[in-house]
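Here are the chains, one letter per residue:
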Amino acid sequence: MSRCGFRFRFSLCLALFMVNGAAYAQTPAPMVNPKIDQQPGPFSYYSQSVDEIGVMDAPMATEITPSGSLYTGYGELLFLLGPEMTPIHPRIRTLEKGYLPILHFSQQQYGIDYQFTFFAAKLDDGTIVNFARVLEKNTNNQPTRAVLTAATRYQNDTVNGTGMGEHEFARPVDDGKPGDYRQPGVKFDPNWVYSFSQNAFLRSGKVFYLFPDPPDQKMLTEKQYYNIQIDNSPRKLDVFPTSLVGLVSYNSILAPGAERTITLLMPLVPVEEGAQTTTILKASYTGEINATIDQWENVLHAGMEIETPEAKVNDTFNASLVYDLLARDHIGENYIQTVNKLQYHAFWLRDASDIVNMYDLTGYPKYASQDLDFFARFQQPDGQFLSQPGQYDAQGEVLWVYGQHYLMTHDLAFAQRVFPSVERAVDWLEKARAADPLHLIPPSFVRDNEYANGHITGYNLLALGGLKDAAILADAVGQPEKAAQYRADYQAYRADFLKALDRCTKLDGGYIPPSLDGDCGGQDWGNLLGTYPEHIFAPDDPLITATLAHVQSKYREGLTTYGTLRYLHDYLIMKNTLTEIERDEQQQPLKDLYAMLVHTSSTQEGFEFAIRVWGNRDFADNLPPHGWFAAEYRIVLRDMMVRIDEGQVHLLSVMSPAWMGAGKSIRVERAPTEYGNVGFTLTQPDDDSARIALDMQWRQQPKAIWLHLPWFANVSSVWVDGKPVAQTNGMVRIPTDAREVRIAWTRPADTPEWSYDQAVAQYKQEYRRHWETHMHGPAAQ
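Just so it is clear, the model here is predicted, and its values are computed rather than measured.

### Points about the overall build of the chain
Along its length, the chain carries 16 helices and 35 strands. The C-alpha atoms of the chain give a radius of gyration of 28 Å, which matches the 28 Å a tight globule of 781 residues would have. Once the C-alpha set of the chain is aligned to its principal axes, its extents read approximately 85 × 65 × 60 Å. Split into buried and exposed, the 781 residues of the chain put 61% on the buried side. Looking at the chain alone, contacts between residues at least 24 apart form 70% of all its contacts between residues at least 6 apart. Per element, the accessible surface of the chain, about 29,100 Å² overall, is 50% carbon and sulfur. A gap of 2 Å separates the mean positions of the 67 positive and 94 negative side-chain charges of the chain.

Structure below.
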């Protein structure tokens, strides 16, 4: 995992998992009743839901907690239903169109349907406001009372001894250093003075939220005993951080079928009452939500588009871009690519490098360039890139992403700007290797990811790949001598690496291990990078084959495991998936894809870890959406559709049986490569044929184009621009100027019915089986 938590939360968390995890793992994993999967709406893996709404490049965002509240660094706005003021717990949520950061959910009570919509917008004066709208509808055949109460509190209850609210991020935190964990906000103050104005609830003179629709009742506290008349006079209250204050209630009887709309407005940062609140109250809900939709749709349509017959596949691709853009901070001149605006609101060179590469690979070089400008501040005077002490993966990651950005953009000015930094980075690497007994990246005790003490395999694989890209940049800036030197360094470095690796592979049966000292132990992580993103080893090298087999043997629920084989990790698997695609495999990458998607929310969020295998599906305070999952998912799906390998373009490397059939289509537009943009549309007029319309916009001719044929189909013929072509190892080679491919194929009767829906159904069945065993013992089977 990229990190377990922050020092102010539980600094020993990883140590506890790795040192005590084996004993803990012997206890049965807590489970959740599988009845949760019978709730209406799309499937959602998590038993507790957390979402994020916000504005791109804003300094902070808003968490939507499991209780459906809006939680920021300043407090929490929550909702209660009915005359008993019942708390809500909306587990199933959806996004507008399946992928836009406009959150929807509904709750029912006494025949009243309460439909909630949350989103954030930046007004013309720069104020960021959370819009919350509730549509009440009476579904009964008689008049029924509808009661909606809004209230605030500082946080919810703490359950882990940290003093923090459950499933909520730590705040306020800001040490003033760009890139460090940052959550603007305030500490709870028992001396706050609470008050109402006509349209707002205020805390010590700052407006916390506004209610343009006049409520039927206002109350400073949840209950005011013995008071004949409610006392809302401004005053200090003796309350806890978890106490409800500043309540407004909408209470009326609705006729059968009648509806009522209530809108609340929550500034992301509390504001003074005056001109700013006047602007907020005048904001048009309809205008702002439509503008939000248009803004994000314009972003999505500017880059690579992928459309398959499965909405979940497509929506996760689109939502993942939104989540990574929401995670960016624009502070001063810096664009800071964080992982999310919740628990992971911080910068890591390794995470950011992969996210930047995703921007380049899917058509957003501007965002990539903006993010890359921030990297230089993490280069030490001696040339080392370092964003986390003792974690040396950044040295190779930065060199690699610099080189890849140049290859994708051909931006010579960028290459010239960063090359002095590249020279210092390679110089540090050469000196570090010269001083090391094994001539490798120096050893360290990594309390993250590999969790190993010694020479870390992944750090060296990344550094080797970085040297390849340093040579590319040297060529680009007209320094062939440097390029030759870097390639010679690569060969010498690889030879030293292989010596150390050879000792370990003799111990472990031939797989690439996490570390290179002692028993070569640790958690599988960077050792999975032997073929992707750079070919340090050929895809079919026996070491790669053995490594994949070793790690796949530890999969549970279709995912990689972390620690003691009892914890799931949601995006670590993608390192293997990308390698499998490079190896021209089709079935295993498809299994991986569906396993990833099964383990997401109904709002397309991936998590990191902390969930036990066949456990309660609760990520605790390891809050999604995770930006590294989002980036790698987009790269995986992109590579399934379009990828480059050794100068050759590969199309449709992986195809699902769910995508084949009359009337189904696959569309790819504006897929960037180092040779130009690639697009195609596959249509199927009937079950036995397909037509692929190609749209290739080359700026440089690739060596070849290969079209992969589905692993499950019997292909009888392939015609390119009216001429038959022969099949070779499940592929056909097509000319670079080809415009149309026609395929005659049939689908065998025994083709597996693989799809996202099938994977969900299989997961539900297996989870219920584990539940029965958990509750009644093995005899229940």
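That covers the picture; the talk isn't over yet.
### Structural notes on unusual backbone geometry
Negative phi is the rule for most residues except glycine; trans is the rule for most peptide bonds. Residue Pro172 follows Arg171 across a cis peptide bond; omega there is -5°. Inspection of the secondary structure assignment puts Pro172 in the loop between strand 10 (144–153) and strand 11 (193–196). A cis amide bond links Pro624 with the next residue in sequence, Pro625, at an omega value of 0°. The topology assignment puts Pro625 in the loop between helix 14 (587–598) and helix 15 (627–641). Phi at Asn449 is positive, roughly 50°, even though this residue is not glycine. Turning to its location among the elements, Asn449 is positioned in the loop between strand 22 (444–445) and strand 23 (453–454). Judged by its relative accessible area of 2%, Asn449 falls in the buried class. Of note in the backbone geometry, Arg617 takes a positive phi value of approximately 60° without being a glycine. Inspection of the secondary structure assignment puts Arg617 in the loop between helix 14 and helix 15.

### Observations concerning the pattern of salt bridges
Applying the stated criterion across every chain yields a total of 36 salt bridges. Note that Arg235 is salt-bridged to Asp231, the shortest N-O span being 3.6 Å. A residue is classified by how much of its surface remains accessible, and Arg235, at 22% relative accessible area, is partly exposed. Between Glu753 and Arg747 there is a salt bridge, with its nearest N and O atoms 3.4 Å apart. Here the salt bridges share partners, and the residues they tie into one network are Glu305, Glu307, Arg667, Glu669 and Arg670.

### Here's the deal with the packing of aromatic side chains
In the structure shown here, the tally under the stated rule is 48 aromatic pairs. On the basis of an interplanar angle of 90° and a centroid distance of 5.8 Å, the ring pair of Tyr46 and Phe607 is categorised as edge-to-face. Linking Tyr46 in the loop between helix 2 (13–25) and strand 1 (51–53) with Phe607 in the loop between helix 14 and helix 15, this pair joins segments that are 561 residues apart in sequence. Both residues of the pair, Tyr46 and Phe607, count as buried. Taking 5.8 Å as the distance between ring centres and 25° as the angle between the ring planes, the aromatic pair formed by Phe79 and Phe118 counts as stacked.

### Comments concerning the side chain of Asn314
Looking at the element boundaries, Asn314 is found in helix 5 (residues 311–326). Using a relative accessible area of 9% as the deciding quantity, one classes Asn314 as buried. Polar contacts involving the side chain of Asn314 include one to the main-chain amide nitrogen of Thr308, which spans 2.8 Å. For Asn314, the side chain forms a polar contact with the main-chain oxygen of Glu310, separated by 3.2 Å. Every residue in contact with Asn314, bar those within four places of it in the chain, is listed here: Ile306, Glu307 and Thr308.

### Details of the environment of Arg769
In this structure, Arg769 sits in helix 16 (residues 756–776). Judged by relative accessible area, Arg769 falls into the partly exposed class, the value being 36%. Along the chain, Arg769 and Gln39 lie 730 residues apart, while their C-alpha atoms are 19 Å from each other.

### Here's the deal with the sheet that holds strand 34 (residues 731–734)
Hydrogen bonds between backbone groups are what pair the strands of a sheet, and the pairing can be parallel or antiparallel. Across the sheet, which stays open at both edges, the 4 strands sit in the order 26-27-31-34 with mixed pairing between neighbours. Looking at the sheet topology across the chains shown, the edges are occupied by strand 26 (642–645) and strand 34. Here the average twist between neighbouring strands, direction ignored, is 30°. Strands strand 26 and strand 27 (648–651) of the sheet are contacted by helix 15, whose axis makes an angle of about 80° with strand 26.

### A word on empty space enclosed by the protein
Tallying each qualifying case throughout the model produces 7 cavities of 30 Å³ or more. Approximately 230 Å³ is the volume found for the largest cavity. Taken together, 21 residues line the largest cavity, and the ones lying closest to its centre are Asp354, Glu397, Leu529, Lys575 and Glu632. Listing elements by their share of the lining of the largest cavity, those giving two or more residues are helix 6 (349–361), helix 8 (393–409), helix 10 (457–476), helix 13 (573–582) and helix 15.

### Description of the nonpolar core
Core analysis: the largest hydrophobic core is formed by 244 residues, its most contacted members being Phe79, Tyr402 and Leu651. The greatest single-element share of this core, amounting to 11 residues, is contributed by helix 10. Residues contacting Tyr402, with those up to four places away along its chain left out, are Leu372, Phe375, Ala376, Phe385, Phe414, Val418, Ser421, Val422 and Leu473. Core analysis: the next-biggest nonpolar cluster, separate from the first, contains 7 residues, Leu78, Met85, Ala151 and Met219 among them.

### Considering helix 13
The buried fraction of helix 13 amounts to 10 of the 10 residues, a majority that puts the element mostly inside the structure. Of the positions making up helix 13, those classed as buried are Ile573, Met574, Lys575, Asn576, Thr577, Leu578, Thr579, Glu580, Ile581 and Glu582. In this structure, the buried side of helix 13 is in contact with helix 12 (542–552), strand 24 (560–562), helix 14, helix 15 and strand 26. Immediately downstream of helix 13, the backbone of Asp584 shows phi near 65°, a positive value.

### Description of the pairing of strand 13 (residues 206–210)
Strand 13 sits mainly inside the fold: 4 of its 5 residues count as buried. By the bridge criterion, 4 bridges tie strand 12 (residues 200–203) to strand 13 in an arrangement that is antiparallel. Paired with Arg203 across the bridge in strand 13 is Lys206. In textbook terms, the turn of a hairpin is the stretch between consecutive antiparallel strands, and for strand 12 and strand 13 this stretch comprises 2 residues, one of which, Ser204, has a positive phi near 50°. Bridge analysis of strand 13 against strand 18 (residues 271–272) gives 2 bridges, and the strand direction is antiparallel. Paired with Val207 across the two strands is Val271, which belongs to strand 18.

Quick notes on the rules
Residues numbered from 1 in each chain as written. Predicted model: local features only at pLDDT ≥ 70, side-chain atom pairs only at ≥ 80, totals over all residues. Heavy atoms only, no water. Helix = DSSP H or I, 4+ residues; strand = E, 2+ residues; numbered from the N terminus. Rg over C-alpha atoms; globule rule 2.2 N^0.38 Å. Buried < 20%, exposed > 50% of the residue type's maximum accessible area, 1.4 Å probe, protein only. Contact = heavy atoms within 4.5 Å. Areas by Shrake-Rupley, 256 points an atom, 1.4 Å probe, with all protein chains shown as cover. Lys, Arg positive; Asp, Glu negative; His and termini not counted. Charge placed at Lys NZ, Arg CZ, Asp CG, Glu CD. Salt bridge = Lys/Arg side-chain N within 4 Å of Asp/Glu carboxyl O. Phe/Tyr/Trp six-rings, centres within 6.5 Å; stacked < 30°, edge-to-face > 60°. Polar contact = N/O pair within 3.5 Å; in protein donor to acceptor, adjacent residues only side chain to side chain. Pairing = 2+ DSSP bridges. Axes fitted to C-alpha atoms, helices over the stretch in contact; angles between N-to-C directions. 1 Å grid on protein atoms, 1.4 Å probe; cavity = no way out; pocket = protein on both sides within 12 Å on 5 of 7 lines; lining within 4 Å. Points joined across faces, edges and corners; volume = space filled by probe spheres on them. Core = buried A, V, L, I, M, F, W, Y, C linked by side-chain atoms within 4.5 Å.

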